[in-house]
Amino acid sequence: MIQPIALLSNATRIAVIGLGYVGLPLASAFAAKFAITGFDIDPLRIANLKSGLDQTLQVDESTLKSVIVQSATAQGLYFSSDMDDLRACQIYIITVPTPADKHNRPDLSFLFKASETVASVLKPGDLVIYESTVYPGVTEEECVPILKKGSSLKYNEDFFVGYSPERINPGDKVRTVTNILKVTSGSTPEVADYVDDLYRRIVTAGTHKASSIKVAEAAKVIENSQRDINIAFVNELSKIFNRMGIDTHDVLEAAGTKWNFLKFNPGLVGGHCIGVDPYYLAQKAQELGYHPEIILAGRRLNDTMSSYIAGEVVKLMIKNDIPVKGAKILVLGFTFKENCPDVRNTKVIDIIKELESYNTNITVYDPWAKPAEVMEAYGVSSHNAFKEIAVAKYDTIILAVGHEAFRSLILEDLKSNKCMVYDVKGFLDRNQVDYRL
């Protein structure tokens, strides 16, 4: 006999598994309507959140403190790292990261571990919704078997599954979780309706109900793959126009006057989405015997941009009679994108490592990145206070990330006599820079 899913009500208890850039904003939004248990295996993360501190800066302190409750049964957001607090929930939303390993192969270990955790508390009538980015088929072919094995329950009889891919844009205070249209899906038509109704309770931008879980998974993975390919195209253009002595940004500005021209800028492609998701799609394609040429070509090109930029900087230093060996180089920005503290999969590190191979002295300044986190993840010393880097004069300055805070920098105060400024992002005023990507 098929177990029914309980009707949505104020008494519905929801667990959000994983409280990072995706999970915390989602849990905070749902807390306005339901009793939410925010679960994370990191006790320090839980302790910080209980005090109202979100180190990802996705949810501000006042908003976070306004939804925190001290009881798992009360409407609001209750934080926990204790699995026993999950047992009374009826809906489990999994928002753990799905990175790629050093060989660019999908790493689903966090997803599988989270599935095992949920399976241990799963009850008849419960619903599990996945938000993590995966290739088509992972939810039903990889995760559901884990849920079945760990719970001894029958799929689509005792428990049900949905998939609603995350669309969080780290650091974006305008396009937040509630005003980005949400794709939803479910393991049966009835469950699909239920999942769609659940998200419509908080997403003011509306929802799009996909025809199947695999369709929803595929939609997510191609969103970032498409963006990756478009950026690869303009990166290739920048290499061509550089040889022609043409400014790429000027070309793009002129071409952008046509109504249907797609506006992308050259630059580094890192982070946990655009630089990773294409590999998920490529992995599945290769398993099916198809070699995806365009997707992987775009990835290869974007992955080489850091070494290309470093090489261009060295050539330009030589051209400008700036000794490379021992040169003091200031790198502005380390995070993978602007106005955000996220340093995951940043490609700035590859620029730094390449320049260090020429025996240069690198100073990194990023007001958003936490020096301890940068050191732990990459073994690189960095500064987030301007006074710490203003004590020296630099032979070369590289703008690697377009943080708004950099607009107010007076670069002249940081330059040595022959200093060269290279703008990776086309972010600074033209009068401040010598070269742009």
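Note that the structure is predicted; figures quoted are calculated from it, not measured. (Residues numbered from 1 in each chain as written. Predicted model: local features only at pLDDT ≥ 70, side-chain atom pairs only at ≥ 80, totals over all residues. Heavy atoms only, no water.)

Thoughts on helix α7 (residues 213-244)
Part 1 of the argument: Its 32 residues place the ends of α7 48 Å apart at the C-alpha level, agreeing with the 46 Å of an ideal helix rising 1.5 Å per residue.
Part 2 of the argument: Following α7 by one or two positions, G245 adopts a phi angle in the positive range, close to 75°. (Helix = DSSP H or I, 4+ residues; strand = E, 2+ residues; numbered from the N terminus. Expected span 1.5 Å × (residues − 1).)

So, unusual backbone geometry
Part 1 of the argument: With a phi angle near 60°, D321 is a residue other than glycine that sits in the positive phi range.
Part 2 of the argument: When you line up the elements, D321 lands in the loop between α11 (305-319) and β9 (328-332).
Part 3 of the argument: The exposure class assigned to D321 is exposed, which follows from its relative accessible area of 55%.
Part 4 of the argument: Positive phi is not limited to glycine here, since N339 has a value of about 55°.
Part 5 of the argument: With respect to the helices and strands, N339 occurs in the loop between β9 and α12 (348-356). (Buried < 20%, exposed > 50% of the residue type's maximum accessible area, 1.4 Å probe, protein only.)

Overview of the pairing of strand β5 (residues 127-130)
Across a regular strand the side chains alternate sides, sitting on one face of the sheet and then on the other.
Part 1 of the argument: By the alternation rule, side chains of β5 split into L127 and I129 and V128 and Y130, which are all buried.
Part 2 of the argument: Relative to β5, strand β4 (residues 91-94) runs parallel, the two being bridged by four bridges. Bridging from a neighbouring strand, Y92 pairs with V128 of β5.
Part 3 of the argument: Read from β4 through helix α4 (residues 109-119) to β5, the crossover connection turns out right-handed.
Part 4 of the argument: Sheet topology note: the β5/strand β6 (residues 160-163) ladder contains four bridges and is parallel. Counterpart to V128 in the pairing with β6 is V161.
Part 5 of the argument: Each parallel crossover has a hand, and for β5 linked through helix α5 (residues 138-151) to β6 it is right-handed. (Pairing = 2+ DSSP bridges. Right-handed = clockwise from strand over helix to strand, strands pointing away.)

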